[in-house]
2 protein chains.
Amino acid sequence: MASRAKATIFDIAREAGVSKSTVSLVLQGSGLIRPETAVKVRKAIEDVGYVYNRGAANLRKAHSNVIGMVINDLTNPFFAELAVGMERVFQSAGIVPFIANTAENPVRQEEVLKSLMEQGVAGLIVSPARGTTPGAFRRLEMAGVPVVFAMRRLPESRIPVITPDNHRGAYLAAAHLIGKGHRRLAFFGGSSDLVVYHERLGGFREACETLGIAARDVLLVEGETSRRGGMACLETALSMPEPPTAALCFNDAVAFGVMLALRKHGLEPGADFAVVGFDDVVEAEHYIPALTSVSVDTAGLGERAAHVMLKMIQSRTTRAEDHIGAVNLVVRESCGPDRRARNRPAGMGDAA
Amino acid sequence: MASRAKATIFDIAREAGVSKSTVSLVLQGSGLIRPETAVKVRKAIEDVGYVYNRGAANLRKAHSNVIGMVINDLTNPFFAELAVGMERVFQSAGIVPFIANTAENPVRQEEVLKSLMEQGVAGLIVSPARGTTPGAFRRLEMAGVPVVFAMRRLPESRIPVITPDNHRGAYLAAAHLIGKGHRRLAFFGGSSDLVVYHERLGGFREACETLGIAARDVLLVEGETSRRGGMACLETALSMPEPPTAALCFNDAVAFGVMLALRKHGLEPGADFAVVGFDDVVEAEHYIPALTSVSVDTAGLGERAAHVMLKMIQSRTTRAEDHIGAVNLVVRESCGPDRRARNRPAGMGDAA
DNA sequence: GCCTATAAATGGAACGTTCCAATAAATCAA
DNA sequence: TTGATTTATTGGAACGTTCCATTTATAGGC
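Residues numbered from 1 in each chain as written. Chains lettered and ligands numbered in written order. Predicted model: local features only at pLDDT ≥ 70, side-chain atom pairs only at ≥ 80, totals over all residues. Heavy atoms only, no water.

**Here's the deal with the protein's contact with DNA strand C**
Phase 1: Looking at DNA strand C, there are 28 residues lining it, with S24(A), Y50(A), K20(B), T22(B) and T37(B) nearest.
Phase 2: Taken together, the sugar and phosphate atoms account for 64% of what DNA strand C places within 4 Å of the protein.
Phase 3: The contact in question runs from a phosphate oxygen of DNA strand C to an N or O atom on the side chain of S24(A), over 2.4 Å.
Phase 4: One of the side-chain nitrogen or oxygen atoms of Y52(A) is found 2.9 Å away from a phosphate oxygen of DNA strand C.
Phase 5: Counted by class, the surface near DNA strand C contains 13 nonpolar, 9 polar and 6 charged residues. (Near = heavy atom within 4 Å. Polar contact = N/O pair within 3.5 Å; in protein donor to acceptor, adjacent residues only side chain to side chain. Nonpolar A, V, L, I, M, F, W, Y, C, P; charged D, E, K, R; others polar.)

**As for the interface of chain A and chain B**
Phase 1: The interface is formed by 43 residues belonging to chain A together with 43 residues belonging to chain B.
Phase 2: Summed over both partners, the interface of chain A with chain B comes to about 4500 Å²; 58% of that surface belongs to carbon and sulfur atoms.
Phase 3: Among the residues chain A hides against chain B, the three largest losses belong to F98(A), R108(A) and E118(A). Together they make up 14% of the total.
Phase 4: Across the contact surface, chain A and chain B share 6 salt bridges.
Phase 5: Taking the shortest distance from any N to any O, the salt bridge between R54(B) and E118(A) comes out at 2.3 Å.
Phase 6: The tally of links from chain A across to chain B stands at 9 residue pairs in polar contact (both at pLDDT 80 or more). (Contact = heavy atoms within 4.5 Å. Buried area = accessible area lost by both parts, 1.4 Å probe. Salt bridge = Lys/Arg side-chain N within 4 Å of Asp/Glu carboxyl O.)

**Describing the domain arrangement of chain A**
Phase 1: Per the domain assignment, the segments of chain A are domain 1 (9-52), domain 2 (67-164 + 298-325) and domain 3 (166-297 + 330-343).
Phase 2: With centres defined by C-alpha atoms, the gap from domain 1 of chain A to domain 2 of chain A works out at 36 Å. (Domains from an automatic or database assignment.)

**Some words on the protein's contact with DNA strand D**
Phase 1: The immediate surroundings of DNA strand D are formed by 28 residues, with K20(A), T22(A), T37(A), S24(B) and Y50(B) found nearest.
Phase 2: Per the 4 Å cut-off to the protein, sugar and phosphate atoms form 63% of the nearby atoms of DNA strand D.
Phase 3: Take S21(A): an N or O atom from its side chain is 2.9 Å from a base nitrogen of DNA strand D.
Phase 4: Between DNA strand D and T22(A), the relevant distance is 2.4 Å, taken from a phosphate oxygen to a side-chain nitrogen or oxygen of the residue.
Phase 5: Among the elements of the structure, α2 (20-27) and α4 (54-60) of chain A together with α1 (9-16), α2 (20-27) and α4 (54-60) of chain B are those that each provide at least two residues to the surface near DNA strand D.
Phase 6: Taken together, the residues of the surface near DNA strand D sort by class into 13 nonpolar, 9 polar and 6 charged. (Helix = DSSP H or I, 4+ residues; strand = E, 2+ residues; numbered from the N terminus.)

**Structural notes on the side chain of S295(B)**
Phase 1: The topology assignment puts S295(B) in strand β10 (residues 292-295).
Phase 2: Beyond its immediate stretch of four places on either side in the chain, S295(B) contacts D279(B), D280(B), A326(B), V327(B), N328(B) and V330(B).

**Regarding the packing of aromatic side chains**
Residues and elements named next belong to chain A.
Phase 1: Using the criterion set out here, one finds 13 aromatic pairs over all chains in the structure.
Phase 2: Between F256 and Y287 the ring centres are 4.2 Å apart and the planes differ by 15 degrees, which places this aromatic pair in the stacked class. Taken together, the residues F256 in helix α11 (residues 252-264) and Y287 in the loop between α12 (282-286) and β10 (292-295) connect sequence positions 31 residues apart.
Phase 3: Under the relative-accessibility criterion, F256 is labelled buried at 5%.
Phase 4: Under the relative-accessibility criterion, Y287 is labelled buried at 10%. (Phe/Tyr/Trp six-rings, centres within 6.5 Å; stacked < 30°, edge-to-face > 60°. Buried < 20%, exposed > 50% of the residue type's maximum accessible area, 1.4 Å probe, protein only.)

**Remarks on the pairing of strand β4 (residues 147-150) of chain A**
Residues and elements named next belong to chain A.
Phase 1: On β4, burial covers both faces: V147 and F149 on one face and V148 and A150 on the other are all buried.
Phase 2: The sheet contact formed by strand β3 (residues 123-126) and β4 spans 3 bridges and is parallel. In the sheet register, I125 faces β4, and the bridge partner there is V148.
Phase 3: Tracing the backbone out of β3, into helix α7 (residues 138-143) and back to the parallel element β4 gives a crossover that is right-handed. (Pairing = 2+ DSSP bridges. Right-handed = clockwise from strand over helix to strand, strands pointing away.)

**Some thoughts on the relation of the copies chain A and chain B**
Phase 1: For the match of chain A to chain B, the screw axis carries a shift of 0.0 Å, the RMSD comes to 0.1 Å, and the turn is 180 degrees. One copy is carried onto the other by what is essentially a two-fold rotation axis.
Phase 2: Mapped onto chain B, 100% of the interface residues of chain A are again interface residues, and the two copies thus contact each other with one and the same surface. (Least-squares fit on C-alpha atoms with pLDDT ≥ 70 in both.)

**Some points on the nonpolar core**
Phase 1: Grouped together as the largest cluster of nonpolar side chains are 159 residues, with contacts concentrated most on F188(A), F204(A), F188(B) and F204(B).
Phase 2: Not counting the four nearest positions on each side in its chain, F204(A) is found in contact with A170(A), Y171(A), A174(A), L185(A), A186(A), F187(A), V218(A) and L248(A).
Phase 3: Grouped together as the second largest cluster of nonpolar side chains are 42 residues, F98(A), L116(A), F137(A) and V145(B) included. (Core = buried A, V, L, I, M, F, W, Y, C linked by side-chain atoms within 4.5 Å.)

Right under this line is the structure:
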């Protein structure tokens, strides 16, 4: 219906009988123009079916209002929660964040970051893909684009980080397991190219050490941070000569996978083998058995990340304080006491 | 480290000792430039830390290469699967799709669409928010931006649609339930402002009619298309004088909610009350009990939508054929036979 | 060697905005 | 009135690209 070629401020100007500059001022809501003129212009805008060309505007303006959110695994509900938190604060700032998925693939991530930069983003909130090389964010830094890492960080980087207290969370979880009488523990999922992995593993180990679990009684099984990865972890654990009786999982997805695999072996999660997750996604509460998990207030971290980003943009800096979010262990039904501890001396039983 | 102001093709030109036009040609991979020159220029591009300004380019070029994906509920894993399918095809076309969430809110959707348009998207794949007004996509149409609806459609709109065969899916599911001996059925979740709702409900009703279920024995409970909505649906159903013994749920999220609520009432999903979902998200298989659901090949539909979009952009049209994807019922454990049908005459029992 | 054809590189004019400096109109102090 | 001040409006020059029409260099045909 409308005019073939897209309308510009000149078309509006002609329609309203003013100059392009006046139109521009109206568009920006400047208080300098007479109210009646503004009304006239706004009507013309409607009439010609104008759509603002932000690309053109950004040519002159210093900054765009696009904020990108780069996520490593869209299928993990955890990140949806993170996104929801962010959106809450961006929405009230009149900003529409764009989400891009890297599917845990550094090459794809490179493309995504490049595309976002070309688009002239004002800032980026990133959960970097596993295996990200140290130089991946060099270009962003050179261009002075504010970046904050959420949930994950890179080994040595000055980019601010918003993350839960991984060490403490893992400590709490492991302590809980040990308190339940478990003596042979495993840490399932994740891999050492992830900083978070070391943090969580660190907390886990500290708990083991200070609470008297011998190093030879803790089993580490790296794996994908997904359900599938969790299933694989359990398999390899059960194939050990002296399998563990409880596991702290890198995240809830892994924990779900472990529980699935347990059932496949005729074992009941919680009763026959204790499992604790990390992240406390909404599903955790509803799973059967309900998953004990380290709650990290994902949406809250998302909000925090968004706030930090906004502040960075506003004060045009590329630096900010890190933020470590509080965590707490939500005890549900997925980890009962060590069965064998009840029946016979510890260190003898076989899980299968 | 790098120069303060961001580098432009002029900087590259100076560095490489050529003209800006040559640089532009190199950037576009034109075959007109001498290979050695191209090499020289590419080196300069690296040296000055150049980042392409797509906004500026789009000022001259007819179309951008940005494709937006507007999704009504990011937290539904279903949409993540859809997104993954799309990304697969866009990736191989060298396109990075940007995802934006409307959180089932038409006002937010308006903002999102506006923002995307201002950004100059080449096309949009949209799952419209519930309650979207008919005029919401007028501007897009006026601007000639190709749009395809995925999974959901609007009442009267010429925008092409990629959707599963909702009618047939619901028919299959209802027929299955009836075949299991259930005589009082419910349809849970969704609302009549959704076209999909009518499609699925239509299939459900047709099965009831042709297989001899009286209209007074079917219960309709509208509700949110979420876990929470499902829980609410079951509550109201159980409060009826003669509650149903089986339900087809609008989608899997609703079905999960229903199963949760059943447990809360001490009822075992599958044994005491049959439930069928719709979409067959990956969780369905792993739930306890595993959810019988209508499988719609979500990722496949995503791929299809992406292909259609690509074709529309390429042939610069805003029209395309609708596509109705095949569905099939995946029978698992969430719907056993009607218990009461075994013990006593139908039409008497009470579910609670 | 000269003219023509081809290849490679270039300057200039867009594209749709914003912003500054400048103008025009209205108001006020004297 | 007149000059100074304030209030509204405006033209022009950017911004970083692409694309067209030229120019310049290279090669080919005779």
